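Here are the chains, one letter per residue:
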Amino acid sequence: MDLGINEIAPRSGTAFELSAGQILTVIDPLGGQVADLLAISRADTAEMISSGRTLDYAESIYLTTGNLLYSNRSNVMLDIIEDTVGRHDFLLTPCSEATFRLCYDNEPPHQGCHGNLHHALMPYGIAEDAIPVAFNCFMNVPVDGVTGKFKVLPPLSKAGDFIRFQARMDLIIGLTACSAPASNGGSFKPIHYSIG
């Protein structure tokens with residue numbers, strides 16, 4: 001059942017349930033905006049999406065159509081079934097109040113995606129310190145293969161681009177419209193999503 005398009009306001013987040021077999025589409029409606037995505041098992045909230053497991057099994061840091069997102073218990077949580085951008089990040093942790101304090105001298109403090117995810121997931125009993133590395137939809141983090149240095153560049157996503165996931169288990173999803181200036185080319189825009 002298609003529940004229509006939902007909007008996440010700039011620099012905010014939400015949480016919702018996704019059942020096995022359902023499809024989640026994360027849309028960048030205006031282009032150039034990152035969305036941090038967390039997946040947590042509804043059966044046991046100690047089982048969460050794992051960057052380390054996923055990148056290990058994919059043998060790549062760039063994930064796109066056909067890749068699977070694994071949990072910390074090596075179970076498949078989400079299957080990327082369609083992707084119009086092809087560049088996302090699964091290395092960098094959600095931005096936080098500390099991120100703004102340590103990395104942005106001229107920016108006012110903000111709780112960032114970490115804080116937004118924490119508040120959205122509080123009704124599900126998810127502790128702040130339990131929040132792992134998120135799958136950063138549309139985030140553009142090229143890595144130099146020789147030096148290992150990386151850069152955070154503006155997303156490659158254009159208006160209307162999307163990434164589509166199919167749930168492989170019953171999940172709690174946390175999703176944001178990212179708050180970090182570097183991740184979004186210096187501007188903040190909404191994120192759309194739909195469940196089908």
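Every residue gets a number counted from 1 within its own chain, in the order that chain's sequence is written. At least 70 in pLDDT is required for a residue's local features to be given in this predicted model, at least 80 for side-chain atom pairs to be given and counted, and no such filter applies to totals for whole chains, interfaces and linings, which use all residues. With hydrogens and water stripped out, all remaining heavy atoms of the structure feed into the side-chain values.

Now for the overall build of the protein chain. Per the secondary structure count, the protein chain includes three helices and 10 strands. What the globule rule says is 2.2 Å times the number of residues to the power 0.38, and the radius of gyration is computed from C-alpha atoms. Its C-alpha atoms give the protein chain a radius of gyration of 15 Å, near enough to 16 Å, the size a compact globule of 196 residues would have. Seen through its C-alpha atoms, the protein chain measures out along the principal axes to roughly 45 × 40 × 30 Å. Residues counted as buried form 50% of the 196 residues belonging to the protein chain. Excluding contacts between residues fewer than 6 apart, the proportion of contacts in the protein chain whose partners are at least 24 apart in sequence is 76%. Residue burial considers only the protein chains on display, and all accessible areas are found by Shrake-Rupley using a 1.4 Å probe. Only carbon and sulfur atoms are counted for the fraction: they give 52% of the accessible area of the protein chain, which is about 8,600 Å². Residues scored as charged are limited to Lys and Arg (positive) and Asp and Glu (negative), so that His and the chain ends carry no count. Where a charge sits is defined by one atom per residue type, namely NZ (Lys), CZ (Arg), CG (Asp) or CD (Glu). Placing the 12 positive and 21 negative side-chain charges of the protein chain at their respective mean positions leaves the two points 4 Å apart. Runs of H or I in DSSP of at least four residues are treated as helices and runs of E of at least two as strands, each being numbered from the N terminus. In this scheme, a residue with accessible area under 20% of its type's maximum is buried, one over 50% is exposed, and one in between is partly exposed, where area comes from a 1.4 Å probe on protein chains only. Any two residues having at least one pair of non-hydrogen atoms within 4.5 Å are treated as being in contact.

Quick look at the nonpolar core now. Only buried residues count toward a nonpolar core, which is a set of Ala, Val, Leu, Ile, Met, Phe, Trp, Tyr and Cys residues joined through side-chain atoms within 4.5 Å. Leu24, Val26, Leu37, Leu78, Phe135 and Phe165 are the most contacted members of the largest nonpolar core, which has 42 residues in total. Looking at which element gives the most residues to this core, the answer is strand E4 (residues 35–41), with five residues. Setting aside chain neighbours within four positions, we find Leu24 in contact with Phe16, Leu18, Leu37, Ile163, Arg164, Phe165, Ile173, Tyr193, Ser194 and Ile195. Counting residues in hydrophobic clusters, the runner-up holds eight residues, among them Leu92, Cys95, Val141 and Cys178.

Classification of ring pairs rests on two measures: the distance between centres of Phe, Tyr or Trp rings, Trp counted by its six-membered ring, which must be within 6.5 Å, and the angle between planes, read as stacked under 30 degrees, edge-to-face over 60 and tilted in between. Across all of its chains, the model carries four aromatic pairs by this definition. Judged by centre distance (4.7 Å) and plane angle (70 degrees), the rings of Tyr57 and Tyr70 are edge-to-face. Linking Tyr57 in helix H1 (residues 51–58) with Tyr70 in strand E5 (residues 68–70), this pair joins segments that are 13 residues apart in sequence. Given the relative accessible area of 38%, Tyr57 is considered partly exposed. The class for Tyr70 is buried, based on a relative accessible area of 17%.

We now examine the sheet that holds E5. DSSP bridges decide pairing: two strands pair if at least two such bridges lie between them. The six strands lie next to each other as E1-E10-E3-E8-E6-E5, forming an open sheet whose pairing is antiparallel. Lying at the two open borders of the sheet, with one neighbouring strand each, are strand E1 (5–8) and E5. This sheet shows a mean twist of 25 degrees between the axes of neighbouring strands, independent of strand direction. Pairing of strand E3 (residues 23–28) with strand E8 (residues 161–167) involves six bridges; the strand directions are antiparallel. Each residue of the ladder has a partner; that of Thr25, found in E8, is Arg164. Axes, fitted as lines to C-alpha atoms, cover a helix only where it is in contact. Angles between the N-to-C directions of the axes lie from 0 to 180 degrees.

So, on to H1. Every buried residue of H1 is listed here: Ser51, Thr54 and Leu55. End-on, the buried residues of H1 take up no more than an arc of 90 degrees, which puts them together on one face. Across H1 from its buried face, at more than 90 degrees, point the exposed residues Gly52 and Asp56. At its buried positions, H1 is contacted by E5. Backbone nitrogen of Arg53 and a side-chain oxygen of the N-cap are separated by 3.0 Å at the start of H1; the cap is Ser50. One or two residues past the end of H1 sits Glu59, with phi positive at roughly 55 degrees. The arc in question is the one traced by the directions running from the helix axis out to the C-beta atoms. Each polar contact in these results corresponds to two N or O atoms within 3.5 Å; when the atoms are within protein, one needs to be able to donate a hydrogen and the other to accept it, and residues that are neighboring in sequence are counted only if both atoms are side-chain atoms.

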